[in-house]
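Here is how the chains run, residue by residue.
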Amino acid sequence: MGLLNVFGDWIEKRNVRRVEICKSQGMCPECQGKGFNMLGTEVYMLNSSYYHCAGCNGSGTYFDWVENT
Ligand SMILES: [Zn+2]
């Protein structure tokens, strides 16, 4: 019991909802269907690079994300 538990619970609920939304649209919850994730803005400006989404293997689909998780 405590603030930390409440906060963890909130994060959990938020994640579940996010996953549900992505599921309904068939896109990977980690990269929102893009197939890649952007690093922080600073890094992006320095490298102009993205990193391949490990959750969906770069396909951006919910199906692949489920398979990988
Ligand atoms: Zn992804």
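Before going into details, it helps to say that this report is about the structure given with it. Everything numeric in this text was worked out from a predicted model, so none of it was measured.

All chains considered together, the criterion is met by two aromatic pairs. With 5.9 Å between their ring centres and 25° between their planes, Phe7 and Trp10 make a pair best called stacked. Residue Phe7 and its partner Trp10 are located together in helix α1 (residues 3–25), separated by three residues, close to a single helical turn. With a centroid separation of 5.6 Å and an interplanar angle of 40°, the aromatic rings of Tyr62 and Trp65 are classed as tilted. Here Tyr62 pairs with Trp65, and both are found in helix α3 (residues 62–68), just three residues apart, close to one helical turn.

Time to look at the coordination of the zinc ion. Here the zinc ion is held by Cys28 (SG), Cys31 (SG), Cys53 (SG) and Cys56 (SG), and the distances to it run 2.2 to 2.3 Å. Taken together, the four donor atoms surrounding the zinc ion define angles of 105 to 116° at the centre, an arrangement classified as tetrahedral. Counting gaps between the donor residues of the zinc ion yields the pattern C-x2-C-x21-C-x2-C. In this pair, Cys28 sits in the loop between α1 and β1 (36–38) while Cys56 sits in the loop between β2 (50–52) and α3, placing the two residues 28 residues apart along the sequence.

With that out of the way, let us pick up unusual backbone geometry. Non-glycine residue Gln32 carries a positive phi angle of around 55°. Mapped onto the elements of the fold, Gln32 is located in the loop between α1 and β1. Relative accessible area serves as the criterion here: at 36%, Gln32 is assigned to the partly exposed category. Within the chain, Asn57 stands out as a residue other than glycine whose phi angle is a positive 65°. Locating Asn57 in the fold gives a position in the loop between β2 and α3. Using a relative accessible area of 53% as the deciding quantity, one classes Asn57 as exposed.

Rules of the game
- Residues numbered from 1 in each chain as written.
- Predicted model: local features only at pLDDT ≥ 70, side-chain atom pairs only at ≥ 80, totals over all residues.
- Heavy atoms only, no water.
- Phe/Tyr/Trp six-rings, centres within 6.5 Å; stacked < 30°, edge-to-face > 60°.
- Helix = DSSP H or I, 4+ residues; strand = E, 2+ residues; numbered from the N terminus.
- Donors = N, O, S within 2.8 Å, 3.2 Å for Na, K, Ca; no water.
- Tetrahedral: all angles 85-135°; square planar, octahedral: opposite > 155°, others 65-115°.
- Buried < 20%, exposed > 50% of the residue type's maximum accessible area, 1.4 Å probe, protein only.

Interpretation in functional terms is not warranted from these geometric data alone.
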